[in-house]
Amino acid sequence: MDDILQWLTGGKDYLTGIALLEKHQRNRMLVQHFRHSTPKFAAAKLEYELRKLIKGKVVAAVQAKPTAPPWTVINVSNPKAAKTETPIPSIIVQAKDELYELFTAISTAHRKLYELGEGNSDDIVAQRRRILEDRLPLIRRFEKLYPLKEKYFDTGEVPAELVRMVREKVEEQPAPVPVDGRVELEKLSDMELLKKQHSLKVNINKTRNRLEYQALKKLGTPNPMPDSPLRTKLEAKLNDLRNQYATITKIIESRQWAS
């Protein structure tokens, strides 16, 4: 693992990093992901994956601190105090969740571009253009949000710009489109109904977690969203999602009984 250590303490050349990952990582799909990504977007993630490989092996040697001189008084009255960790603010958790979603969406776009190949037919060119246009705002937001999130872990302070970005996104999320009654849902195929049911279930869980934990996923300790216009909006959204889910479930069950 000395080669990874040298890379981490050197210039962190992107192609060299991929070569090191391929040498030490068995997951070939992960290696291919970085080969088809751009350094500007994937460099931080590549460094993270390489650090994971040496974690618990030689990282202690890199991060070792100078030994305290013999005259230094060390307080050992409360050995557990040193292990106390400050809870991560919910706004940072939300930022991390969004970064994960952005990374997944951008990776999907990269995969689609790779699958299109290098053809130059009108159809392929049009598809490639749409993918690139959809991907660009995702990359720009990731590149802006990621360093703000890292700044919190470096300084312990939540950047005001990060708060603005996360809250802006939450407030700009459109309300769910009302379902035009059971009649419209009846027109969907069995597969379309199952996909819509799954999508609704995911949205219900995320909306409920935002209300109960101010995060997209369930945390160890509840952190309810305070009363506000946003909470009222999310509660209405949750109610609508549940109604849609119940209607679709009834349609699916009725078709199962009829078959």
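## Structural notes on the packing of aromatic side chains
Part 1: For the structure shown, the criterion picks out two aromatic pairs.
Part 2: Between Phe142 and Tyr146, the aromatic rings sit 5.7 Å apart at their centres with planes inclined by 15 degrees, giving stacked as the arrangement. Note that Phe142 and Tyr146 are positioned in helix 7 (residues 122-155) at a spacing of four residues, about one turn of the helix.
Part 3: Under the relative-accessibility criterion, Phe142 is labelled buried at 8%.
Part 4: Overall, Tyr146 belongs to the partly exposed group, its relative accessible area being 25%.
Part 5: Summarising the aromatic geometry, the rings of Tyr152 and Phe153 are spaced 5.0 Å apart at their centres and angled 75 degrees between planes, so their arrangement reads as edge-to-face.
Part 6: Judged by relative accessible area, Phe153 falls into the partly exposed class, the value being 41%.
Part 7: The ring of Phe103 carries Lys45 above its face, with NZ or CZ at 5.3 Å from the centroid.

## Focus: the packing of helix 6 (residues 90-116) against helix 7
Part 1: In the contact formed by helix 6 and helix 7, the axes pass within 8 Å of each other and the chain directions differ by 150 degrees. Between helix 6 and helix 7, the crossing angle belongs to the class labelled roughly antiparallel. In this structure, helix 6 meets helix 7 at a crossing whose hand is left-handed.
Part 2: Residue classes in the contact of helix 6 with helix 7 are distributed as 20 nonpolar, two polar and seven charged.

## Here's the deal with the environment of Asp13
Part 1: In this fold, Asp13 is placed in the loop between helix 1 (2-8) and helix 2 (14-24).
Part 2: Among the residues examined, Asp13 registers a relative accessible area of 41% and is labelled partly exposed.
Part 3: Sequence separation between Asp13 and Pro39 is 26 residues; the distance between their C-alpha atoms is 9.2 Å.
Part 4: A polar contact is formed between the side chain of Asp13 and the side chain of Thr16, at a distance of 2.8 Å.

## Brief notes about helix 3 (residues 28-35)
Part 1: Here helix 3 has its buried residues at Leu30, Val31, His33 and Phe34. Across the axial projection of helix 3, the buried residues extend over an arc of 155 degrees, all falling on one side.
Part 2: Packed against the buried residues of helix 3 are helix 2, helix 4 (39-54) and helix 6.

## Quick notes on the confidence of the model for the protein chain
Part 1: For the protein chain, mean pLDDT is 78; residues scoring 70 or higher make up 82% of the total.
Part 2: Across the protein chain, the element-wise mean pLDDT spans from 42 in helix 5 (residues 59-63) up to 89 in helix 7.
Part 3: The low-confidence segment residues 58-84, where pLDDT is below 50, has four contacts with residues more than four positions distant or belonging to other chains.
Part 4: For residues 174-180, every residue scores under 50 in pLDDT, and the model assigns this stretch seven contacts once sequence neighbours within four places are set aside.

## A closer look at helix 4
Part 1: In a regular helix each residue adds 1.5 Å, so 16 residues correspond to 22 Å; helix 4 covers 21 Å between its end C-alpha atoms and thus fits that length.
Part 2: Taken together, the buried positions of helix 4 are Phe41, Ala42, Leu46, Glu47, Glu49, Leu50, Leu53 and Ile54.

## Let's talk about the pattern of salt bridges
Close approach of charged atoms lets side chains of opposite charge pair.
Part 1: Within the structure shown, the criterion is met by 13 salt bridges.
Part 2: Of the charged contacts, one joins Glu98 and Arg141 as a salt bridge, the two residues approaching to 2.3 Å between their closest N and O atoms. A residue pair is termed long-range when its members are at least 10 positions apart, and Glu98 in helix 6 and Arg141 in helix 7 qualify at 43 residues.
Part 3: Note on Arg141: relative accessible area 23%, which makes it partly exposed.
Part 4: A salt bridge links Glu235 to Arg231, with the nearest nitrogen and oxygen atoms 3.0 Å apart. Here Glu235 pairs with Arg231, and both are found in helix 11 (residues 229-258), just four residues apart, close to one helical turn.
Part 5: For Glu235, a relative accessible area of 38% corresponds to the partly exposed category.
Part 6: On the basis of relative accessible area, Arg231 is assigned to the buried category, the value being 18%.

Quick notes on the rules
Residues numbered from 1 in each chain as written. Predicted model: local features only at pLDDT ≥ 70, side-chain atom pairs only at ≥ 80, totals over all residues. Heavy atoms only, no water. Phe/Tyr/Trp six-rings, centres within 6.5 Å; stacked < 30°, edge-to-face > 60°. Helix = DSSP H or I, 4+ residues; strand = E, 2+ residues; numbered from the N terminus. Buried < 20%, exposed > 50% of the residue type's maximum accessible area, 1.4 Å probe, protein only. Lys NZ or Arg CZ within 6 Å of the ring centre and 35° of its normal. Axes fitted to C-alpha atoms, helices over the stretch in contact; angles between N-to-C directions. Parallel < 35°, antiparallel > 145°, perpendicular 65-115°, else oblique. Left-handed = near helix turned anticlockwise from the far one by under 90°. Nonpolar A, V, L, I, M, F, W, Y, C, P; charged D, E, K, R; others polar. Polar contact = N/O pair within 3.5 Å; in protein donor to acceptor, adjacent residues only side chain to side chain. Arc of directions from axis to C-beta. Contact = heavy atoms within 4.5 Å. pLDDT = per-residue confidence, 0-100. Expected span 1.5 Å × (residues − 1). Salt bridge = Lys/Arg side-chain N within 4 Å of Asp/Glu carboxyl O.

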